[in-house]
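# Secondary and tertiary structure notes
Letter by letter, the chains look like this.
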Amino acid sequence: MKLFTTSLLFLLHALPGQSWSAQQESNLSMCRNIPGSAGYPSAATWEAFNASISGRLIRVVPSAKFCASLPGGACTDAQWTSALFRGTIPGAMDSVNWEQGYDLNPPSLCLRNATTCGQGDVPIYSVEAETAADIQAALKFASKHNLRLAVKSSGHDLLGRSTAPNSFLIRTSNFQNISFTDAFFVGSKNMGSAVTIGSGVPTNTLFQHGKANGKIMVAAGAATVCPAGGYVQGAGHSTLSPKLGLAADNALEFTIVVASGEELRVNAVSHPDLFYALRGGGAGSWGVIVSATFRTYPTFNATSSTILLTAANSTVAGALASIHAEHIFDWDSVHASQFFAFSKNSVAGGSDASILFLLATVMPQTTVERSKTLLAPFMNASLALPGVSLVSQAFQSSNINDASFMADDAAGSNGVLGSRLIPEATYRDSPQKVGPVYKKLFDGGAAAIDGVMVAGGKVAENANISSAVHPAWRTAKTHIILPNGWADSASLAEIRTLRRRFQTVQLPLLEELSGLNAGSYSNEADVLEPHFQTTFFGENYAKLSAIKKRYDPGDLFIVGAGVGSDRWDEWGICKV
């Protein structure tokens, strides 16, 4: 069993809202250069730049167009839905909707097996960087020609921040260095056991190396997340967070190239303000990370369990959700983490359809027998509910690196998501409120409700760490996520409605649990958040904005719902 496997892999996304056209480029001093602009580089200029970086500049195309160029004229289903395979395509995103220019005027789409393909929201050129010097050259070129910049490692980005229309991409997937040490120094202080990893290293590779070295670090469960990239910049929750804290809590140092082109070593002693921002201040806003160093811990065994139940309808599912809420503190003594997902059974539709409930739990340093004992009160109460049936259950003890490892992630679909951090106080004081909210969400059209219990414990204990992590993390118990997906056959009008469903329909219901003006984990959220400054960053936003102006005064690094993005349109092309 692998935690965070099933429904979280369904959490996908879509691009923001207003239409953009070349008319907005009339004031050149306020806009980036795009093809057709007087200041956009000529073909000869691009060729000369490519020669200066040893041929590492490539033209970028959407994933569907890339697949059409393969022998046979298409990707297989296995390729299309593999995050590992999509990661080899410079223009691909794990969620295909982020490649589509739904809001461009006219819309520009490139769908699988389509007869026509536009560029959509995919960058035009990419520097396939191999060294810090490549990054520096790319930043110098982007600044000189006033280009819209995008930065990407793997494409596992649930908010679409690592792609943008008419942009110039820096891709860091080639930064694959991994180095363990038993003594990592920051200044003269020995921080102990640590690992330094390149910004292109995915978690599946990292967990394999960790096992070989007898170490574990706080990292994501998904195979293709790159811990030294957007993951840690958003805070980074993990299977191990209740025991060891967030990834941002365990970050010791970064090597980063900032907008000026300077390569900086950033830690608590050197550039401490930027160190603060890089730990939770939002992905893509600060520079191009070359590598990051994280604290490591001795490896250990853990028991992983998966329990699948079915509820007869939304009323029963709501009652089951309340029982889960009542028992959610049962596993705190062993620093357990959970992924829990309610999803409508695909066999039937409507509010009376059966609903599946998946509960995946990891209990560090706990035997199978102890794990079963700790889950028994929840299981007994759940199975006593009329309309609840057990489909399957499984328990396995293994090395924590093996329990965390995934070979690949599911990808290649369309969708958006929205989310909120739910305070511990909600579960402690009002667990009975959870079920009615779940019922209303399902009756209102939700296809799934996903949750991760990755807060509390060490995450709460780390409240004294000075970092940009949203303070709501320190009082939260869970992060609840609502995905909304669609097929390629959906109309633009249908897609527009689905992209806004969280804000218009679902958020008012979810706020019955989170409270008003609650926080959200910015890596699994809605890029359309109207008040992202407080939703994603809380009271830290003013400080982050000041740091942004210090290291990136020209806003070279702009992403959707990121620090400083309120000064730009949705595409980071024109100032507003």
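Quick notes on the rules
Residues numbered from 1 in each chain as written. Predicted model: local features only at pLDDT ≥ 70, side-chain atom pairs only at ≥ 80, totals over all residues. Heavy atoms only, no water. Helix = DSSP H or I, 4+ residues; strand = E, 2+ residues; numbered from the N terminus. Rg over C-alpha atoms; globule rule 2.2 N^0.38 Å. Buried < 20%, exposed > 50% of the residue type's maximum accessible area, 1.4 Å probe, protein only. Areas by Shrake-Rupley, 256 points an atom, 1.4 Å probe, with all protein chains shown as cover. pLDDT = per-residue confidence, 0-100. Contact = heavy atoms within 4.5 Å. Pairing = 2+ DSSP bridges. Axes fitted to C-alpha atoms, helices over the stretch in contact; angles between N-to-C directions. Core = buried A, V, L, I, M, F, W, Y, C linked by side-chain atoms within 4.5 Å. Salt bridge = Lys/Arg side-chain N within 4 Å of Asp/Glu carboxyl O. UniProt positions renumbered as here; feature names shortened; annotations may be inferred.

With that settled, consider the overall build of the chain. The helix and strand tally for the chain stands at 19 helices and 20 strands. The C-alpha radius of gyration computed for the chain amounts to 23 Å, which stays within 12% of the reference 25 Å derived for 576 residues, consistent with globular compactness. In terms of its C-alpha atoms, the chain occupies a principal-axis envelope of roughly 70 × 60 × 50 Å. By residue count, 61% of the 576 residues in the chain fall in the buried class. Of the roughly 20,100 Å² of accessible surface on the chain, 53% is carried by carbon and sulfur atoms.

On to the confidence of the model for the chain. Summing up the model confidence of the chain, the mean pLDDT is 94 and the portion of residues at 70 or higher is 94%. Ignoring residues within four places in sequence, the model shows residues 1–28, a span with pLDDT below 50, making 118 contacts including any to other chains. Long-range and interchain partners of residues 347–352, a stretch whose pLDDT sits below 50, account for seven contacts in this model, where long-range means more than four residues apart.

Another point: the sheet that holds strand β20 (residues 476–486). Taking strand neighbours across the sheet as the criterion, the seven strands line up as β17-β14-β16-β15-β19-β20-β18 in an open arrangement whose pairing is antiparallel. Each having just a single partner strand, β17 (388–399) and β18 (414–423) make up the two edges of the open sheet. Here the strands of the sheet are splayed against their neighbours by 15 degrees on average, with no regard to which way each runs. Taken together, the six bridges between strand β15 (residues 337–344) and strand β19 (residues 448–453) define a ladder with antiparallel strand orientation. Residue Gln338 lies in a different strand from β19, and its bridge partner there is Met453.

Ranked by internal contacts, the top residues of the largest apolar core, which has 74 residues, are Phe254, Ile256, Leu274, Trp286, Phe294 and Trp473. Here the element with the most residues in this core is helix α9 (residues 272–278); it accounts for five residues. For Phe294, the residues in contact, after removing those within four places along its chain, are Ser193, Ala194, Val195, Ile197, Met217, Pro227, Ala228, Val232, Ala247, Asn250, Ala251 and Leu252. Formed by 43 residues, the second largest nonpolar core is a distinct cluster that contains Ala311, Ile422, Leu482 and Phe502.

For the structure on display, the rule yields 20 salt bridges. For Lys439, the salt bridge goes to Asp443, with nearest N and O atoms at 2.8 Å. With Lys439 and Asp443 both in helix α14 (residues 434–443) and four residues apart, this pair spans about one turn of that helix. Residue classification places Asp443 among the partly exposed residues on the basis of a relative accessible area of 36%. Counted as one network, the salt bridges with shared partners bring together Arg56, Glu130 and Asp134.

This brings us to the sheet that holds strand β4 (residues 168–171). In space, the four strands of this open sheet follow the order β1-β2-β4-β3, with mixed pairing throughout. Edge strands, defined here as strands with exactly one partner in the open sheet, are β1 (57–59) and β3 (149–152). The sheet shows a mean angle of 25 degrees between the axes of neighbouring strands, taken without regard to direction. Taken together, the three bridges between β1 and strand β2 (residues 125–128) define a ladder with antiparallel strand orientation. From the neighbouring strand, Ile58 faces β2, where its bridge partner is Ser126. In the packing of helix α1 (residues 43–52) onto the sheet, contacts are made with β1, β2 and β4, and the angle to β1 comes to roughly 135 degrees. Relative to the sheet, helix α5 (residues 132–144) contacts β2, β3 and β4, its axis offset from that of β4 by approximately 165 degrees.

Quick look at unusual backbone geometry now. Following Asn105, the chain continues into Pro106 via a peptide bond in cis, with omega recorded as 0 degrees. Here Pro106 lies in the loop between α4 (83–86) and β2. Phi is positive for Asn517, close to 55 degrees, though the residue is something other than glycine. Within the fold, Asn517 resides in the loop between α17 (501–514) and α18 (532–537). In this structure, Ala561 takes a positive phi of about 55 degrees despite not being glycine. With respect to the helices and strands, Ala561 occurs in the segment after α19 (541–551).

The UniProt record marks residues 119–299 with the feature "domain: FAD-binding PCMH-type" (unreviewed entry), using the residue numbering of this structure. Helix and strand shares over residues 119–299 are 23% and 27% respectively, and the end C-alpha atoms of the span are 45 Å apart.

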